[in-house]
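Take a look at the letters that make up each chain.
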Amino acid sequence: EPEVTQTPSHQVTQMGQEVILRCVPISNHLYFYWYRQILGQKVEFLVSFYNNEISEKSEIFDDQFSVERPDGSNFTLKIRSTKLEDSAMYFCASSHRTGSDTQYFGPGTRLTVL
Amino acid sequence: AQSVAQPEDQVNVAEGNPLTVKCTYSVSGNPYLFWYVQYPNRGLQFLLKYITGDNLVKGSYGFEAEFNKSQTSFHLKKPSALVSDSALYFCAVRDQDTGRRALTFGSGTRLQVQP
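The notes below deal with the structure included here.

Procedures and definitions
Residues numbered from 1 in each chain as written. Chains lettered and ligands numbered in written order. Predicted model: local features only at pLDDT ≥ 70, side-chain atom pairs only at ≥ 80, totals over all residues. Heavy atoms only, no water. Helix = DSSP H or I, 4+ residues; strand = E, 2+ residues; numbered from the N terminus. Rg over C-alpha atoms; globule rule 2.2 N^0.38 Å. Buried < 20%, exposed > 50% of the residue type's maximum accessible area, 1.4 Å probe, protein only. Areas by Shrake-Rupley, 256 points an atom, 1.4 Å probe, with all protein chains shown as cover. Lys, Arg positive; Asp, Glu negative; His and termini not counted. Charge placed at Lys NZ, Arg CZ, Asp CG, Glu CD. Phe/Tyr/Trp six-rings, centres within 6.5 Å; stacked < 30°, edge-to-face > 60°. Lys NZ or Arg CZ within 6 Å of the ring centre and 35° of its normal. Contact = heavy atoms within 4.5 Å. Buried area = accessible area lost by both parts, 1.4 Å probe. Salt bridge = Lys/Arg side-chain N within 4 Å of Asp/Glu carboxyl O. Polar contact = N/O pair within 3.5 Å; in protein donor to acceptor, adjacent residues only side chain to side chain. 1 Å grid on protein atoms, 1.4 Å probe; cavity = no way out; pocket = protein on both sides within 12 Å on 5 of 7 lines; lining within 4 Å. Points joined across faces, edges and corners; volume = space filled by probe spheres on them. Nonpolar A, V, L, I, M, F, W, Y, C, P; charged D, E, K, R; others polar. Pairing = 2+ DSSP bridges.

1. Section: the overall build of chain A
For step 1, the next point in the chain: Counting its secondary structure elements, chain A contains zero helices and eleven strands.
For step 2, the next point in the chain: Shown N-terminal to C-terminal, the secondary structure of chain A runs as helices and strands in the order β-β-β-β-β-β-β-β-β-β-β.
For step 3, the next point in the chain: Whereas a compact globule of 114 residues would reach a radius of gyration of roughly 13 Å, chain A reaches 13 Å, a difference of no more than 12%.
For step 4, the next point in the chain: Projected onto the principal axes, the alpha-carbon positions of chain A cover approximately 40 × 30 × 30 Å.
For step 5, the next point in the chain: When each of the 114 residues of chain A is scored for burial, the buried share is 46%.
For step 6, the next point in the chain: Carbon and sulfur atoms form 46% of the exposed surface of chain A, whose accessible area is close to 5,700 Å².
For step 7, the next point in the chain: If the 10 positive side-chain charges of chain A are averaged to one point and the 14 negative ones to another, these points end up 2 Å apart.

2. Structural notes on the packing of aromatic side chains
For step 1, the next point in the chain: Enumeration according to the criterion identifies 22 aromatic pairs over all chains in this entry.
For step 2, the next point in the chain: Taking the centre distance of 6.0 Å and the plane angle of 70° together, the rings of Tyr36 of chain B and Phe46 of chain B count as edge-to-face. Placement of Tyr36 of chain B in strand β5 (residues 31–38) and of Phe46 of chain B in strand β6 (residues 44–50) is noted, with a sequence separation of ten residues between them.
For step 3, the next point in the chain: Judged by its relative accessible area of 0%, Tyr36 of chain B falls in the buried class.
For step 4, the next point in the chain: Here Arg101 of chain B stacks its cationic end above the ring of Tyr31 of chain A, 3.6 Å away from the centre of that ring.

3. A few points about the interface of chain B and chain A
For step 1, the next point in the chain: Facing the 20 residues of chain B at the interface are 22 residues of chain A.
For step 2, the next point in the chain: The contact between chain B and chain A buries some 1,700 Å² in all, and 51% of this surface belongs to carbon and sulfur atoms.
For step 3, the next point in the chain: Ionic pairing is found between Arg100 of chain B and Glu56 of chain A, a salt bridge with its closest N-O pair at 3.0 Å.
For step 4, the next point in the chain: For the pair chain B and chain A, the interface holds eight residue pairs in polar contact (both at pLDDT 80 or more).
For step 5, the next point in the chain: Residue assignment for the side of chain B that touches chain A shows that the elements contributing at least two residues are β5, β6 and β10 (87–95) of chain B.
For step 6, the next point in the chain: At four residues, the largest contribution of residues to the side of chain B that touches chain A is made by β5 of chain B.

4. With respect to the environment of Ile51 of chain B
For step 1, the next point in the chain: Here Ile51 of chain B shows up in the loop between β6 and β7 (56–58).
For step 2, the next point in the chain: A sequence separation of 23 residues divides Ile51 of chain B from Phe74 of chain B, and the C-alpha atoms of the two residues are 12 Å apart.

5. Here we look at the layout of surface pockets
For step 1, the next point in the chain: Its volume calculated, the largest pocket comes out at about 540 Å³.
For step 2, the next point in the chain: Lining the largest pocket are 18 residues, and of these Glu1, Glu3, Tyr104 and Phe105 of chain A together with Gln45 of chain B sit closest to its centre.
For step 3, the next point in the chain: Ranked by residue count, the leading element in the lining of the largest pocket is β6 of chain B, at three residues.
For step 4, the next point in the chain: By residue class, the composition of the lining of the largest pocket is nine nonpolar, six polar and three charged.
For step 5, the next point in the chain: For the second largest pocket, the calculated volume is near 430 Å³.
For step 6, the next point in the chain: Lining the second largest pocket we find 21 residues, and of these Gln37 and Leu39 of chain A together with Gln38, Leu88 and Arg110 of chain B sit closest to its centre.

6. Some points on the pairing of β5 of chain B
All names here are of chain B.
For step 1, the next point in the chain: Across the eight residues that make up β5, a large majority, eight, are buried.
For step 2, the next point in the chain: Residues Pro31, Leu33, Trp35 and Val37 line one face of β5 and the alternating positions Tyr32, Phe34, Tyr36 and Gln38 line the opposite face, and both faces are buried.
For step 3, the next point in the chain: Relative to β10, β5 runs antiparallel, the two being bridged by eight bridges. Note that in β10 the partner of Tyr36 across the bridge is Phe90.
For step 4, the next point in the chain: Pairing of β5 with β6 involves six bridges; the strand directions are antiparallel. Opposite Val37, over in β6, you have Gln45 as the bridge partner.
For step 5, the next point in the chain: Counting the residues that bridge the hairpin from β5 to β6 gives five residues, and of these Asn41 lies at a positive phi of roughly 60°.

Following this line, the structure appears as structure tokens:
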């Protein structure tokens, strides 16, 4: 069964550094998403991406964040200058195009900012 | 705005007994409703969803959920719990009518099934 994959599983970085989190969505999916879960809190939507552009973003997704689909398979989330409060589990998800389609999630990347 | 409430942080049930994990939601339009399960060090695994039609939805691993529009609820159920069902369960909603795709999640309910 196809799965969403994410790398790395755990990333440790110093405050102020840039990080790039990588995801390979399910191959025939057209919508891609990033969510995050701060320890002990809810899973929160960050951004959705369709047809090579952002289709929706939350208030969390400020200028420090960016997303990109650099090739036909990868989908990345970049945080330009990490803050302590960016420490969280980041989940990538993908779905088909139709509105009711299920979002399938990857295993997550745990980001620790020191 | 859309929201989800999972009123129980933890549910304890004995193996073989039925289980219910509660979820209520709020959307301005018609909802798409989802249940996901998270095992330790794993991502969110899709269990089942409600789109339209039959209020009783059947999903993976013997789970089912009942959509109740008047009570704005979507409780997850299983007739006979297994120890292996022990995990963190999340309910999520999105509004069918807005075109937005962002899921709003509840805070999660930890299910503990005792042998």
